Structures are given as structure tokens and as C-alpha cells.
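Inside the fold
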Amino acid sequence: MKTKIARLLGEEALHSEEGAKVLDEAAEIIRRGGLVAFPTETVYGLGADAVNKKAAKKIYEAKGRPSDNPLIVHIAYISQLAEIAGKISPAMKALSDAFWPGPLTMIVNQREGEPLIPRETTGGLSTVAVRFPSNPIANALIRESGRMIAAPSANTSGRPSPTSGEHVIEDLDGKVDMIIDAGSVDIGLESTIIDLTEDIPVILRPGFITRGELSKVLGEVSVDPAIEGVESSAPPKAPGMRYRHYAPKARLTIVEKKSASSEPVFERIIKEALSFAQSGGKSAIICADENLSHYEGLDGVKVYDIGRFEHDDEIAQNLFSVLRQCDCDGVGRIFSESFDTPRLGGAIMNRLLKAAGHDILEI
Ligand code: AMP
Ligand code: MG
């Protein structure tokens with residue numbers, strides 16, 4: 001398939017004549033059941049008409065995604081949530097007032113009677129994941145198409161999520177009808193997912209919106225134990241959280257600080273990275289900006305600055321692109337610091353631990 005690549009860089013591009021043409025064409029592709037990759041504020045999404053079974057199936061094919069892993073339905077009007085769920089409950093209302101449009105996905109029951117969203121989109125579940133994104137291109141595409149758009153992250157299943165148009169092109173060129181490249185996204189981590197189908201709402205995936213922020217709006221909020229790394233026999237409630245994910249090609253080990261001092265962590269990372277390099281491989285270190293000077297002048301070791309620990313939104317924004325860069329640079333072994341920062345640390349470490357297949361060295 002020939003993929004049309006359209007570049008819309010900057011807010012003004014969307015409102016230009018060219019921008020209007022691109023949106024027109026993208027909306028038409030969605031209406032006739034095709035696939036369009038587009039930016040959202042979290043990561044890029046791979047979109048199709050959420051109620052069109054055949055279109056939803058194409059998403060799974062293009063990504064190589066397991067068919068039991070449901071898609072998030074993206075909307076641009078609150079009334080579309082009511083169409084899906086049959087009503088707006090007080091919790092839905094409170095959350096949408098506080099966080100929509102934005103990086104929050106709600107899991108809701110489908111309306112009674114004939115469900116609107118087909119099994120092909122929900123992975124066979126009776127519940128649906130719904131999000132109202134704030135990115136202006138995403139918003140305009142949903143409105144213009146007149147559809148709700150099912151969109152998982154626009155990467156090949158298992159690879160780090162795409163945070164730039166280049167990442168999407170790497171994975172999906174030739175597999176989708178159109179890619180809208182709008183440069184880098186704002187947040188860089190997928191949405192927080194909250195399940196509203198239980199008595200007490202449950203966080204199924206941590207993200208930019210934190211448990212504390214959700215609790216302020218909802219009162220008690222729990223966290224799916226399967227994502228907290230707690231030993232549990234129950235599988236995660238978000239099917240997608242089961243799979244190995246976000247992984248670079250190289251083996252990745254996280255070196256975690258268990259004592260008060262960071263020095264032993266720096267020393268161990270340097271020792272391991274040099275030892276791999278001396279055996280003829282290319283090794284990499286991922287570190288916080290504040291620690292960069294500790295890793296200067298190491299032969300055969302590439303050092304990636306992931307952003308400032310004190311500004312963890314930078315780390316969130318850079319995480320997936322650093323993992324992809326390791327692949328591009330042909331790195332064979334990666335050692336990373338841990339980034340358990342106060343605000344976004346939970347969400348960042350959830351992704352990094354998955355990327356590492358929970359390979360941790362505690363120092
Ligand atoms: P992605 O869009 O690729 O970031 O993945 C969407 C995530 O939402 C996956 O982890 C899915 O398993 C999860 N998800 C989607 N729909 C549901 C649902 N109805 N119940 C629980 N999790 C869901
Ligand atoms: Mg994904």
C-alpha cells in the first residue's frame with residue numbers, strides 16, 4: 001500500500017489551506033474504512049472508524065496487535081460518550097469536567113440493548129475505553145470525519161510507542177493509508193486509564209494524570225495490583241498491560257538505588273557498560289540530565305540524556321524516543337538509571353520496567 005505522508009507542523013499549519021486539504025482527505029479515508037495515523041497529546045494514534053468492524057480489524061493487522069487487546073475510542077463531543085454508555089454517570093461527568101479534553105481514558109459499560117461499539121473494536125469485551133483528546137489535529141479529524149475513531153498507539157506492536165511522526169513512518173509506512181506528521185507530541189506517555197465499571201474506580205494504566213489528581217475528583221481510587229508489580233495471580237484488567245511492550249532491540253537493565261547514595265549506582269552502570277563495550281559490543285547508558293557528568297569519556301559507550309529528574313515531564317517526553325534511538329544507533333546492551341520521580345515516576349517506571357522485561361539490578 002502506498003502511504004500518503006502529510007506534514008502539519010505547528011498550530012498554524014492546521015488552519016492553512018494545505019491543512020484543510022489534509023484534514024478533508026484524512027476524514028474521507030476514515031469514513032470509507034481506511035487507516036490514518038495522527039498525533040495526539042500523549043502519543044501518535046493509528047485511527048479507524050470505531051463502529052466499522054472491518055476497519056477496526058485493519059488496525060490489528062497493520063500493528064501486528066493481538067486481537068484480544070481492545071482499542072481506545074476517541075471522541076470529540078461529550079454526547080458521544082453518552083451514545084456509547086447510554087448515560088453520563090456522575091463519575092463520568094466529574095472526570096470529563098476535570099480532565100477532558102486530555103490524557104485520560106475512561107472504561108465504561110456499553111449502553112443497554114444493542115451495543116454501539118463492535119467486538120472487533122473492544123477485543124470482545126462488554127466494556128469500552130473512551131478518550132477525548134486535546135490535540136487540535138486529533139480533535140479536528142474526529143469532528144471532520146463525523147465518526148468516533150478507534151486508535152491504539154501508532155507503532156508496531158511491542159515496539160516503543162511513537163512520539164514523533166518519524167517514529168510512525170518507521171513502523172507503519174506502507175501499511176496505512178495516511179500518516180499525519182506533526183512533529184513531536186507534548187506528553188510522550190499513553191493516557192491514564194481508569195475503570196469506572198467497578199464500585200471503586202480502578203487505575204488500569206498510570207499516566208500523566210495521577211492517582212492523587214483522580215482522587216481529588218472521585219474520592220477513593222484504587223490501582224490494579226497487577227500494574228504495581230505486586231505479586232498477584234490475577235492478570236491485569238487492561239488486556240494490553242499483559243504484553244511485553246515498549247521494548248528496544250537490545251537487552252535493557254535498570255540499575256536501581258537501594259541505599260542513600262547514588263555513587264554506587266553510577267559506578268556499577270559504568271562498570272557494566274564498559275565491560276560490554278570491551279567485549280566488542282556497543283553499549284548505552286540512559287541517565288538523568290543532572291547525572292550526565294558522571295558518565296563522561298567512556299570508550300565505546302553511548303550516553304543518552306533523558307531529561308532533568310527535577311522536570312519529569314521531560315523524561316516522560318523523551319523516554320520512548322531514547323529507546324528508539326538506541327535501536328537506530330545499533331546499541332547491543334543498555335543500562336538505565338531508575339527515574340522514580342515524585343509526580344510521573346509511577347507512569348515512567350511502568351513503561352521502563354516493561355521495556356526492560358523487569359530486568360533490575362538493585363544496588
Ligand atoms: P494503546 O491504545 O495501544 O495504548 O492501548 C490501549 C490500552 O487500553 C490497552 O492496554 C488495552 O488493553 C486497554 N483497554 C482498551 N479497552 C479496554 C477495556 N474495555 N477494558 C480494559 N482495558 C482496555
Ligand atoms: Mg500501545
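For the structure, check the block above.
Residues numbered from 1 in each chain as written. Chains lettered and ligands numbered in written order. Predicted model: local features only at pLDDT ≥ 70, side-chain atom pairs only at ≥ 80, totals over all residues. Heavy atoms only, no water.

Turning our attention to the pattern of salt bridges. Evaluation of the coordinates by the stated rule reveals 19 salt bridges. The partner of K4 in a salt bridge is E25, and the shortest N-O contact between them spans 3.2 Å. With K4 in strand β1 (residues 4–7) and E25 in helix α2 (residues 17–31), this residue pair connects regions lying 21 residues apart in the sequence. Residue K4 is classed as partly exposed on the basis of its relative accessible area of 37%. Judged by relative accessible area, E25 falls into the partly exposed class, the value being 33%. For D329, the salt bridge is made with K302, and the minimal N-O distance between the two is 4.0 Å. Of this pair, D329 sits in the loop between α11 (312–328) and β15 (333–337) while K302 sits in strand β14 (residues 301–305), and the two are 27 residues apart along the sequence. Via salt bridges that share partners, R159, E170, D171, R324 and D327 belong to a single interconnected network. (Salt bridge = Lys/Arg side-chain N within 4 Å of Asp/Glu carboxyl O. Helix = DSSP H or I, 4+ residues; strand = E, 2+ residues; numbered from the N terminus. Buried < 20%, exposed > 50% of the residue type's maximum accessible area, 1.4 Å probe, protein only.)

The description of two packed helices rests on the angle between their axes and on the distance between the axes. Put simply, α2 and helix α7 (residues 136–145) touch, their axes get as near as 9 Å, and they point 55° apart. The angle between α2 and α7 falls in the class oblique. α2 and α7 meet at a crossing whose hand is right-handed. In contact with L23, D24, A26, A27, I30 and R31 of α2, α7 contributes I137, A140, L141, E144 and S145. (Axes fitted to C-alpha atoms, helices over the stretch in contact; angles between N-to-C directions. Parallel < 35°, antiparallel > 145°, perpendicular 65-115°, else oblique. Left-handed = near helix turned anticlockwise from the far one by under 90°. Contact = heavy atoms within 4.5 Å.)

Attention now moves to the pairing of strand β5 (residues 104–109). Most of β5 is tucked away, with five of its six residues classed as buried. Sheet topology places β5 next to strand β6 (residues 127–131); five bridges connect them, and they run antiparallel. What sits directly across from T105, in β6, is R131. (Pairing = 2+ DSSP bridges.)

Let us now look at the site of ligand 1. R65, N69, T127, R205 and G240 are the nearest of the 21 residues found near ligand 1. In this structure, an oxygen atom belonging to ligand 1 sits 3.0 Å away from a side-chain N or O atom of R65. With respect to ligand 1, the side chain of N69 contributes an N or O atom lying 2.9 Å from an oxygen atom. Within the complex, 96% of the 500 Å² of free accessible area of ligand 1 lies under protein. (Near = heavy atom within 4 Å. Polar contact = N/O pair within 3.5 Å; in protein donor to acceptor, adjacent residues only side chain to side chain. Areas by Shrake-Rupley, 256 points an atom, 1.4 Å probe, with all protein chains shown as cover.)

Right, let's talk about the sheet that holds strand β2 (residues 36–38) for a bit. Reading across the sheet, the eleven strands line up as β1-β8-β2-β3-β7-β4-β6-β5-β9-β10-β11 and stay open at both edges, with mixed pairing between neighbours. Each having just a single partner strand, β1 and β11 (222–223) make up the two edges of the open sheet. Lying over the sheet, helix α8 (residues 165–172) contacts β1, β2, β3 (45–49) and β8 (178–181), oriented at roughly 160° with respect to β8.

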